[in-house]
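Coordinate analysis (summary)
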Amino acid sequence: MHALITGANRGLGLEFTRQLLARGDRVVATARHPARCAELNHLCGDYPGHLHVLPLDVANPHSITELARELVLVTPALDLVIANAGLNISGERFGQLKAEDLARSFAVNAVGPVLLAQALTEALAAGKEPRMVYISSVLGSISARDSFYVPSYCISKAALNMAMRQLAYPLSERGICSVAVHPGWVRTDMGGAKAPLTPEQSVRDVLALIAGLKPEDNGRFFSHEGQELAW
Ligand SMILES: NC(=O)c1ccc[n+]([C@@H]2O[C@H](COP(=O)([O-])OP(=O)(O)OC[C@H]3O[C@@H](n4cnc5c(N)ncnc54)[C@H](OP(=O)(O)O)[C@@H]3O)[C@@H](O)[C@H]2O)c1
């Protein structure tokens, strides 16, 4: 299988890359600054020919276009794309919300994945049982929200869920199954030290979920354990 992961230099993205390589898959790992990705560059040595690291800033539409252009030199087809890169701005307070924080969260968490899916549709359509997976969050669930908490993140993840559902229709016409997945509360830079799940556990669960996806799962929102989540 050939997969592409965004935000692959640390956290869940790095762990997706590790586990996919360990099971024999080929991976295009993308990051904002490939030259600074020590772990990814180390993995390139461990899995020669199986890992390509390409630059991608998901908040920059030009960078997404360039990625699609460079990808053709690596592979004509992708079987899995994981839109994993995400941004959570902490410390927001009611009365002091900034347009800049809302816009940056929206650009990374919602607009980037939309443009990425659009730019990679041809490559996915050429893949085998292709899957477009958006790493969302239960914090993007409108019905589950019961307090004022990281609003830019929650608003942008709710938008991501709608984007996934919208795109699921044209993508399914090309044979691509799309889902949004909450990875659990995970011990990464974003999740913090108190999170109960390790990246290894979360990614193992999400990869098992992806492997078991059926056509009728297209356009749905799941937890890492495979439970369907409320919008
Ligand atoms: N950890 C959790 O508990 C949790 C819970 C629910 C959902 N999630 C979601 O899971 C995904 C991965 O989160 P994580 O915990 O691994 O977070 P993380 O450790 O903070 O890593 C975030 C990743 O996203 C990348 N990124 C941020 N802005 C980017 C941009 N403009 N272009 C390209 N890459 C960008 C970062 O790259 P840089 O190093 O260049 O900044 C980094 O690789 C996110 O979508 C997050 O919302 C996480």
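Refer to the structure above for everything that follows.
All values reported here derive from a predicted model rather than from experimental measurement.

**Observations concerning helix α6 (residues 151–173)**
With 23 residues, α6 should cover 33 Å at 1.5 Å per step; its first-to-last C-alpha distance of 34 Å lies within 8% of that length. Of all the bends in α6, the greatest, near 35°, is centred on Leu167, and the proline Pro170 appears no more than four residues after it. With its phi angle positive at about 85°, Gly175 sits one or two positions after the end of α6.

**Let's talk about the site of the ligand**
Near the ligand lie 28 residues; those nearest to it are Asn9, Arg10, Arg32, Tyr153 and Thr188. A distance of 2.7 Å is found between an oxygen atom of the ligand and a backbone nitrogen or oxygen belonging to Asn84. Val186 places a polar main-chain atom, nitrogen or oxygen, 2.8 Å from an oxygen atom of the ligand. Here the ligand, which alone exposes 890 Å², has 93% of that area covered by the protein. Taken atom by atom, the bulk of the ligand overlaps the largest pocket. Listed by contribution, the elements that provide at least two residues to the shell around the ligand are α1 (11–22) and α6.

**Topic: the nonpolar core**
Side chains that are nonpolar tend, in soluble globular proteins, to be buried together. Among the nonpolar cores identified, the biggest contains 32 residues, and Ile5, Phe16, Leu40, Ile82 and Val133 are the most heavily contacted of them. Among all residues touching Phe16, those that are not within four sequence positions of it are Ile5, Ile82, Asn84, Ile135, Val203, Val206 and Leu207. The next biggest cluster of nonpolar side chains, apart from the first, holds 28 residues, and it includes Leu54, Ala117, Ala123 and Ile176.

**Structural notes on the pairing of strand β7 (residues 220–223)**
Where strand β6 (residues 177–182) and β7 come together, four bridges link them in parallel fashion. When the bridges of β7 are listed, His182 appears paired with Ser223. Note on the crossover from β6 through helix α7 (residues 199–211) to β7: the handedness is left-handed.

**Regarding the packing of aromatic side chains**
In this description, a pair of aromatic rings is defined by centroid distance and the angle of the planes. For the coordinates displayed, the defined rule picks out two aromatic pairs. Ring centres 5.9 Å apart and planes at 80° place the aromatic pair Phe94 and Phe148 in the edge-to-face group. Within this pair, whereas Phe94 is found in the loop between β4 (80–83) and α4 (99–119), its partner Phe148 is found in the loop between β5 (131–135) and α6, the two being separated by 54 residues in sequence. Classification of Phe148 as partly exposed rests on a relative accessible area of 43%. On the numbers, 5.7 Å between centres and 20° between planes, the contact of Phe221 with Trp231 is stacked. Placement of the pair is Phe221 in strand β7 and Trp231 in the segment after β7, with a sequence separation of 10 residues. Taking relative accessible area as the criterion, Phe221 reaches 0% and is therefore assigned buried. With relative accessibility at 40%, the residue Trp231 sits in the partly exposed group.

**Details of the packing of α1 against α7**
For the pair α1 and α7, the least separation of the axes is 9 Å and the interaxial angle reads 65°. Of the two elements, α1 crosses α7, and the hand of that crossing is right-handed. Contacts from Leu12, Glu15, Phe16, Gln19 and Leu20 of α1 reach α7 at Pro199, Glu200, Ser202, Val203, Arg204, Val206 and Leu207.

About the criteria used
Residues numbered from 1 in each chain as written. Predicted model: local features only at pLDDT ≥ 70, side-chain atom pairs only at ≥ 80, totals over all residues. Heavy atoms only, no water. Helix = DSSP H or I, 4+ residues; strand = E, 2+ residues; numbered from the N terminus. Expected span 1.5 Å × (residues − 1). Bend = angle between axes of the 7 residues up to and from the residue. Near = heavy atom within 4 Å. Polar contact = N/O pair within 3.5 Å; in protein donor to acceptor, adjacent residues only side chain to side chain. Areas by Shrake-Rupley, 256 points an atom, 1.4 Å probe, with all protein chains shown as cover. 1 Å grid on protein atoms, 1.4 Å probe; cavity = no way out; pocket = protein on both sides within 12 Å on 5 of 7 lines; lining within 4 Å. Sits in = over half its atoms within 2 Å of the grid points. Core = buried A, V, L, I, M, F, W, Y, C linked by side-chain atoms within 4.5 Å. Buried < 20%, exposed > 50% of the residue type's maximum accessible area, 1.4 Å probe, protein only. Contact = heavy atoms within 4.5 Å. Pairing = 2+ DSSP bridges. Right-handed = clockwise from strand over helix to strand, strands pointing away. Phe/Tyr/Trp six-rings, centres within 6.5 Å; stacked < 30°, edge-to-face > 60°. Axes fitted to C-alpha atoms, helices over the stretch in contact; angles between N-to-C directions. Left-handed = near helix turned anticlockwise from the far one by under 90°.

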